Amino acid sequence: MQPPMTVAPGPEPAGPDRAAIARVVSSAADQIRGCYRSPKLNRAARQIVTVLRVRYTIDGTLATSPVVLRQSGVTEGAAAYAGQMGRAAIEAVERCVPLRLPPELYKGGWDEFDLTFSPRGLA
């Protein structure tokens, strides 16, 4: 099962056209979506939404390990699974390197962005 994801660019630097960056980041999410492997967890755990911050080098490899920024939907019944859901998101990002993205839009563009892994669909 592939998780739906949303993406958000990192901080607003001066640089390339934001619409072009949004298209490139969407392409990154499409690539990563194909690398996701859903853990076998209960229904409550499937409500957990994980947001990762990812940083890349110009050749599409990871500059640093992905970081879980936050999770929502972590109820009492799902709390024991939050780590597994976060790890599944991180592993998807790690499994998909290098990303194939245009180097001319790297700096101030797709060098850093947030990915949201959500079982409820794209938001």
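No experiment lies behind these values; they were computed from the predicted model shown. What you see as residue numbers is a count from 1 along each chain, following the sequence as written. Local features in this predicted model are restricted to residues whose pLDDT is 70 or higher, and side-chain atom pairs enter the listing and the counts only when it is 80 or higher, whereas totals over whole chains, interfaces and linings include all residues. Side-chain metrics rest on all non-hydrogen atoms present in the structure, leaving aside hydrogens and water.

### Quick word on the pattern of salt bridges
And then number 1: Throughout this description, the term salt bridge denotes a Lys or Arg side-chain nitrogen within 4 Å of a carboxyl oxygen of Asp or Glu. Under the defined criterion, the tally for this structure stands at 7 salt bridges.
And then number 2: The partner of arginine 33 in a salt bridge is aspartate 30, with the nearest N and O atoms 2.7 Å apart. Residue arginine 33 and its partner aspartate 30 are both found in helix H1 (residues 18–33); the two are separated by 3 residues, about one turn of the helix.
And then number 3: Among the residues examined, arginine 33 registers a relative accessible area of 17% and is labelled buried.
And then number 4: Its relative accessible area of 46% is what places aspartate 30 among the partly exposed residues.
And then number 5: For arginine 55, the salt bridge identified is with glutamate 112, shortest N-O distance 2.5 Å. Here glutamate 112 lies in strand S4 (residues 112–117) and arginine 55 lies in strand S2 (residues 49–55), a separation of 57 residues in the sequence.
And then number 6: Connected via shared salt-bridge partners are Arg53, Arg55, Glu112 and Asp114. Numbering of helices and strands runs from the N terminus; a helix is a DSSP stretch of H or I covering at least four residues, while a strand is a stretch of E covering at least two. Buried means the residue's accessible area, taken with a 1.4 Å probe over protein chains only, is under 20% of the maximum for its type, while exposed means over 50%, and partly exposed covers the values in between.

### Observations concerning the side chain of arginine 53
And then number 1: On the secondary structure map, arginine 53 appears in strand S2.
And then number 2: According to the relative accessible area criterion, arginine 53 is buried, its value standing at 19%.
And then number 3: Nitrogen and oxygen atoms within 3.5 Å of one another constitute a polar contact, given that in protein one can donate a hydrogen and the other can accept it, and given that sequence-neighbouring residues count only through two side-chain atoms. There is a polar contact of 2.3 Å between the side chain of arginine 53 and the side chain of aspartate 114.
And then number 4: Any pair of residues with heavy atoms lying within 4.5 Å of one another is described as a contacting pair. Sequence-distant contacts of arginine 53, defined by excluding residues within four places in its chain, comprise Pro66, Val67, Leu69, Glu112, Phe113 and Asp114.

### Describing the pairing of S4
And then number 1: The element S4 is extensively covered by neighbouring structure, given that 6 of its 6 residues are classed as buried.
And then number 2: Side chains Glu112, Asp114 and Thr116 project from S4 onto one buried face, and the interleaved Phe113, Leu115 and Phe117 project onto a second face that is buried too.
And then number 3: Strand direction decides the pairing type here: S2 and S4, joined by 6 bridges, are antiparallel. Across the sheet, residue arginine 53 finds its bridge partner in S4, namely aspartate 114. We treat two strands as partners when DSSP finds at least two bridges between them.

### So, the nonpolar core
And then number 1: For this analysis, a nonpolar core means a set of buried residues of the types Ala, Val, Leu, Ile, Met, Phe, Trp, Tyr and Cys, connected via side-chain atoms within 4.5 Å. Among the nonpolar cores identified, the biggest contains 32 residues, and Ile32, Tyr56, Val93, Trp110, Phe113, Leu115 and Phe117 are the most heavily contacted of them.
And then number 2: Looking at this core, the elements that each hand over two or more residues are H1, S2, helix H2 (82–95), helix H3 (106–110) and S4.

### What to know about the environment of methionine 85
And then number 1: Position of methionine 85 relative to the elements: it lies in helix H2.
And then number 2: Ignoring sequence-local partners within four residues, the contact set of methionine 85 consists of Tyr36, Pro39, Leu41, Ala45, Arg46, Ile48, Thr50 and Gln71.

### A few points about the packing of aromatic side chains
And then number 1: Paired rings are identified among Phe, Tyr and Trp, the last through its six-membered ring, by centres lying within 6.5 Å, and are further divided according to the angle between planes into stacked (under 30 degrees), edge-to-face (over 60) and tilted (the rest). Summed over the entire model, instances satisfying the criterion amount to 4 aromatic pairs.
And then number 2: Measuring from centroid to centroid gives 5.8 Å for tyrosine 36 and phenylalanine 117, while their planes differ by 35°, and the two rings are tilted. Taken together, the residues span a long stretch of sequence, with tyrosine 36 in the loop between H1 and S2 and phenylalanine 117 in strand S4 at a distance of 81 residues. Like phenylalanine 117, tyrosine 36 is buried.

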